[in-house]
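# Architecture at a glance
Here is how the chains run, residue by residue.
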Amino acid sequence: MPLIPLRPLLETVDKYHYAQGAFNVNAVAQAKAAIEVHEMFRSAAILQGADLANGFMGGRTDFQNATLEDKKIGAKNIANAVKKYAEDSPIPVVLHLDHGKNFDSCKAAIEGGYTSVMIDGSSLPFDENVELTREVVKYAHERGVSVEGELGVLAGVEDHVFSATSTYTNPLKAVEFFKKTGVDALAISYGTMHGASKGKNVKLRKEIVIAIKECLMHEGIFGVLVSHGSSTVPKYIVDEINALGGNIQNAHGISVDELKAAIPCGIGKINVDTDIRLAVTRNMKEFFHNYPEKRNSPSIGGVYKLLEEKKDQFDPRAFLPPIMDTVMYGNIPDEDVAALVAVIEKGVKEAIGTLIVQFGSFGKAPLVEQASLDEMAERYKKM
């Protein structure tokens, strides 16, 4: 089916009191695997491309330096892939921009085919954040595209998002933000962190979530709260990477129990990226360990070389430049690339499948309205 905006899925989450995992993908194979595992669990899907992931999918392997033109190319590539695998899928699929850096990044994603965008103005003063977010909301809603904002600053590092310390979201400011911007969802800071090193035994400030949600209900405002930096960083995967020669240190995620406890408080969308990176990297390392003859393959030997050179990294984008045609367009030139892609897909499914169950979205796909962008644009006019 065609991609849907985020808003109908948010309304379902809010009505039935569960959370929808939102999973970052950085390659055509990852998009394919993510949709397939959601189909298996009869869950709707939110696939996310981060702002810099669009740069990577546009062919900029040094994606930290991606230009707007790179992002435009990448947005189309990732949207084309998601649309391809969603077309014959029985589940609703949303393609969401994660951490849009500015208005132009959001516009590029929308023009490329994204059905939802996040504008991250959390580093700006409140009034400037409101102004920027309102501008994106106006542009996006006119096209039926949903919008997520952010208020409060998460600690940690992920792509270009960095903060040494966190600033918890003020519940009263959150309500004001919803009123002034008209966003559909809001990422809040309540104790989560970006990246793999979140610290042991993190306790989430669930009272912040409760306060915001209660105030929204009293004011009659619709809004779903989003948990960024919520990867669980499975210890067994980290241990397996290190046993295969990796060097991942001080990696701790958010406990699944903590995340599950936040769902009835009002968290409806939970972003996960690091878990997928770890599982894919572990699978690639394991593949070359089990099939040492593939280390000298003309097509994928370069991937092995980068895995060996960058033992302390776990982002697959650090290792995939030798097969960028496959990453960007899904082309499979030979059996070696096909074998590597197969283990990448398995890693994605492993990381996502467990969380679909934990967050409670399994079996909920039929509950989600399959609204088109045009239909949503008409609805937004009346809101």
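Quick note: structure is the one above.
### A short note on the overall build of the protein
In terms of helices and strands, the protein carries 15 helices and 11 strands. Taking 383 residues into account, the globule formula puts the C-alpha radius of gyration at 21 Å, and the protein, at 20 Å, falls close to it. Reported as C-alpha extents along the three principal axes, the dimensions of the protein are approximately 65 × 45 × 40 Å. Sequence separation of 24 or more characterises 75% of the internal contacts of the protein that already satisfy a separation of 6 or more. Placing the 42 positive and 50 negative side-chain charges of the protein at their respective mean positions leaves the two points 2 Å apart.

### Remarks on the packing of helix α7 (residues 171-181) against helix α8 (residues 206-219)
At a minimum axis separation of 9 Å, α7 and α8 run at an interaxial angle of 45°. Taken together, the axis directions place α7 and α8 in an arrangement best described as oblique. Considering the relative orientation of α7 and α8, their crossing is right-handed. On α8, the residues touching P171, A174, V175, F178 and K179 of α7 are I208, A211, I212, C215, L216 and E219.

### Digging into the pairing of strand β1 (residues 20-24)
Counting buried positions along β1 gives 5 out of 5 residues, so the element sits mostly inside the fold. Residues Q20, A22 and N24 of β1 are buried on one face, and the alternating residues G21 and F23, pointing to the opposite face, are buried as well. Taken together, the 4 bridges between β1 and strand β11 (residues 267-272) define a ladder with parallel strand orientation. Across the sheet, A22 pairs through a bridge with N271, a residue of β11. Sheet topology note: the β1/strand β2 (residues 45-50) ladder contains 3 bridges and is parallel. Residue pairing for β2: F23 is matched across the bridge by L47. Taken together, β1, helix α2 (residues 28-40) and β2 form a β-α-β motif whose crossover is right-handed.

### Section: the sheet that holds strand β8 (residues 185-188)
Strand order in this closed barrel of 8 strands is β1-β2-β3-β4-β5-β8-β10-β11, and the pairing throughout is parallel. Neighbour to neighbour, the strand axes of the sheet diverge by 25° on average, direction disregarded. Here strand β5 (residues 146-151) runs beside β8; their pairing, made up of 4 bridges, is parallel. For L151, the partnering residue across the bridge sits in β8 and is I188. Against the sheet, α2 engages β1, β2 and β3 (93-100), with an angle of about 160° to β2.

### Examining the packing of aromatic side chains
The tally for this structure, following the rule as stated, stands at 6 aromatic pairs. Arranged with centres 5.3 Å apart and planes meeting at 80°, the rings of F287 and F288 form a pair that is edge-to-face. With 5.4 Å between their ring centres and 45° between their planes, F287 and Y291 make a pair best called tilted. Among the residues examined, F287 registers a relative accessible area of 7% and is labelled buried. In this structure an aromatic cluster arises from ring pairing among F287, F288, Y291 and Y304. Here the guanidinium or amino end of R317 rests over the ring plane of F63, the centre of that ring lying 4.0 Å away. Cation over ring: K364 sits above F362, and NZ or CZ is 5.4 Å from the ring centre.

### Some details on the side chain of D315
Following the sequence through the fold, D315 ends up in the loop between α12 (301-309) and α13 (324-329). Residue D315 is classed as buried on the basis of its relative accessible area, which comes to 12%. Reaching out from D315, the side chain makes a polar contact with the side chain of R277 at a distance of 3.3 Å. Not counting the four nearest positions on each side in its chain, D315 is found in contact with F63, R277 and T281.

### Quick word on a negative patch on the surface
Taken together, D104, D127, E128, E131 and E135 make up a surface patch of like negative charges. Counting residues per element, the negative patch draws most heavily on helix α6 (residues 126-141), at 4 residues. Positionally, D127 belongs in helix α6.

### Re the environment of E286
Topologically, E286 is positioned in helix α11 (residues 274-290). Along the backbone, E286 and D336 are 50 residues apart, and their C-alpha atoms lie at a distance of 15 Å.

### What to know about the nonpolar core
Membership of the largest hydrophobic core comes to 106 residues, with the highest contact counts inside it found for L47, V117, I188, Y190, M284 and L340. Ignoring any residue separated from it by four or fewer positions in sequence, one finds Y190 in contact with Y168, L204, R205, I208, V209, S227, L259, A262 and I267. Judged by nonpolar contacts, the second largest core, of 16 residues, contains I4, L6, V13 and V224.

### Looking at the environment of C215
Mapped onto the fold, C215 is located in helix α8. Sequence spacing of C215 and L172 is 43 residues, and the spatial spacing of their C-alpha atoms is 7.8 Å.

### Things to note about the pairing of strand β4 (residues 116-119)
Across the two faces of β4 the burial is the same, with S116 and M118 and V117 and I119 all buried. The pairing of β3 with β4 spans 3 bridges and is classified as parallel. Residue pairing in the sheet places G100 in a bridge with I119 of β4. In this fold, β3 hands off to helix α5 (residues 103-112), which returns the chain to β4; that crossover is right-handed. Where β4 meets β5, 3 bridges bridge the pair, whose relative direction is parallel. Bridge pairing in β5 links V117 to V147. As a crossover connection, the stretch from β4 through α6 into β5 is right-handed.

What counts and what doesn't
Residues numbered from 1 in each chain as written. Predicted model: local features only at pLDDT ≥ 70, side-chain atom pairs only at ≥ 80, totals over all residues. Heavy atoms only, no water. Helix = DSSP H or I, 4+ residues; strand = E, 2+ residues; numbered from the N terminus. Rg over C-alpha atoms; globule rule 2.2 N^0.38 Å. Contact = heavy atoms within 4.5 Å. Lys, Arg positive; Asp, Glu negative; His and termini not counted. Charge placed at Lys NZ, Arg CZ, Asp CG, Glu CD. Axes fitted to C-alpha atoms, helices over the stretch in contact; angles between N-to-C directions. Parallel < 35°, antiparallel > 145°, perpendicular 65-115°, else oblique. Left-handed = near helix turned anticlockwise from the far one by under 90°. Buried < 20%, exposed > 50% of the residue type's maximum accessible area, 1.4 Å probe, protein only. Pairing = 2+ DSSP bridges. Right-handed = clockwise from strand over helix to strand, strands pointing away. Phe/Tyr/Trp six-rings, centres within 6.5 Å; stacked < 30°, edge-to-face > 60°. Lys NZ or Arg CZ within 6 Å of the ring centre and 35° of its normal. Polar contact = N/O pair within 3.5 Å; in protein donor to acceptor, adjacent residues only side chain to side chain. Patch = residues over 30% accessible without salt bridge, like charges linked within 9 Å, V, L, I, M, F, W, Y side chains within 5 Å. Areas by Shrake-Rupley, 256 points an atom, 1.4 Å probe, with all protein chains shown as cover. Salt bridge = Lys/Arg side-chain N within 4 Å of Asp/Glu carboxyl O. Core = buried A, V, L, I, M, F, W, Y, C linked by side-chain atoms within 4.5 Å.

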